[in-house]
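Coordinate inspection notes
These are the residues of each chain, in order.
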Amino acid sequence: MEMKVTVFVTRMLLLCTLFTLIACQGKLSQPASPDSADKTTDEFTDAPNLFPIRINGKGGYIDREGRIAIEPQFAIASEFWEGRAVVRVEGIKGDGMIDEAGRYIVEPTPGFYIGRFREGRAVFDISKTWDNGYLDRDGNVVIPAIYWTASGFHNGIAHVRLS
């Protein structure tokens, strides 16, 4: 009996693997679009162009060649996602958001916390109430802070919970 179960499970695993390979056929080897090289982020991997560094206790950013692109000046410098990064400065317990040129999209604000961008939206929360909402890439509130919890978007959907 045990041998029959083992054979059955092995056959099912092989069958699932075969179906997965058939379903993925052609998707892995599609050529990149010729104009994708001029984009600020790689559409296919969402790879950032700038990377956080720490020098003398301050966070800044370097480019792909290792050159300093944004001078170290932040208490916290997060990774870039969709061309935006969350930063904090000394003395302010709250987040701000910068673009790849180092310009503030959202000034650091006490009690205001921002998550990473997914599909053009970032969760934010306000520490006074801990309510969550969503910002767009320009720092505008596009979904008000009315949720007790909120996740990042995936395929156009985000999970939220009202109190």
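Residues numbered from 1 in each chain as written. Predicted model: local features only at pLDDT ≥ 70, side-chain atom pairs only at ≥ 80, totals over all residues. Heavy atoms only, no water.

**Let's talk about the sheet that holds strand E9 (residues 121–126)**
As a reminder, the rule being used: The criterion for strand pairing is that DSSP finds at least two bridges linking the strands in question. Numbering goes from the N terminus for both helices and strands, where a helix is a DSSP run of H or I of at least four residues and a strand is a run of E of at least two. The angle between two axes is taken between their N-to-C directions and runs from 0 to 180 degrees, where each axis is a line fitted to C-alpha atoms and a helix contributes only its stretch in contact.
Spatially, 4 strands are ordered E8-E9-E10-E11 in an open sheet, and the strand pairing comes out antiparallel. Where the open sheet ends on each side, the last strands, each with one partner, are strand E8 (112–118) and strand E11 (141–147). Between one strand and the next, the sheet's axes are offset by a mean angle of 20°, whatever the strand orientation. Inspection of the sheet shows E9 paired to strand E10 (residues 131–135) by 5 bridges, in the antiparallel sense. Bridging from a neighbouring strand, Asp 125 pairs with Asn 132 of E10.

**Here we look at the packing of aromatic side chains**
Short version of the rule: Ring pairs are drawn from Phe, Tyr and Trp, using the six-membered ring of Trp, whenever the two centres fall within 6.5 Å, and their geometry is named by plane angle: stacked under 30 degrees, edge-to-face over 60, tilted for the rest. Charge over a ring is defined by NZ of Lys or CZ of Arg lying within 6 Å of the ring centre and within 35 degrees of the ring normal.
Within the structure shown, the criterion is met by 5 aromatic pairs. Here Arg 116 stacks its cationic end above the ring of Trp 81, 3.9 Å away from the centre of that ring.

**Things to note about the side chain of Asn 132**
We apply this condition: Type-normalised accessible area, obtained with a 1.4 Å probe on protein chains alone, sets the label of each residue: buried when under 20%, exposed when over 50%, and partly exposed for intermediate values. Definition of a polar contact: a pair of N or O atoms within 3.5 Å, with one able to donate and the other able to accept a hydrogen when the atoms are protein atoms, and with sequence-neighbouring residues admitted only if both atoms are side-chain atoms. A contact between two residues is defined here by any heavy atoms of the two lying within 4.5 Å.
Mapped onto the secondary structure, Asn 132 falls in strand E10. Asn 132 sits in the buried class, given a relative accessible area of 7%. Looking at Asn 132, its side chain comes within polar contact range of the main-chain oxygen of Trp 130, at 3.3 Å. One polar contact links the side chain of Asn 132 to the main-chain carbonyl oxygen of Trp 148, over a distance of 2.9 Å. Those residues in contact with Asn 132 that lie beyond four places of it in its chain are Val 123, Phe 124, Asp 125, Pro 144, Ala 145, Ile 146, Tyr 147, Trp 148, Thr 149 and Ala 150.

**Digging into the pairing of strand E6 (residues 96–99)**
Burial along E6 is two-sided: the residues Gly 96 and Ile 98 and Met 97 and Asp 99 are all buried. Pairing of strand E5 (residues 84–88) with E6 involves 4 bridges; the strand directions are antiparallel. Bridge pairing in E6 links Ala 85 to Ile 98. Where E6 and strand E7 (residues 104–106) come together, 2 bridges link them in antiparallel fashion. Each residue of the ladder has a partner; that of Met 97, found in E7, is Val 106. What sits between the antiparallel neighbours E6 and E7 is a turn of 4 residues, in which Gly 102 has the positive phi angle 85°.

Remember that the coordinates give geometry; whether it matters functionally is a separate question.
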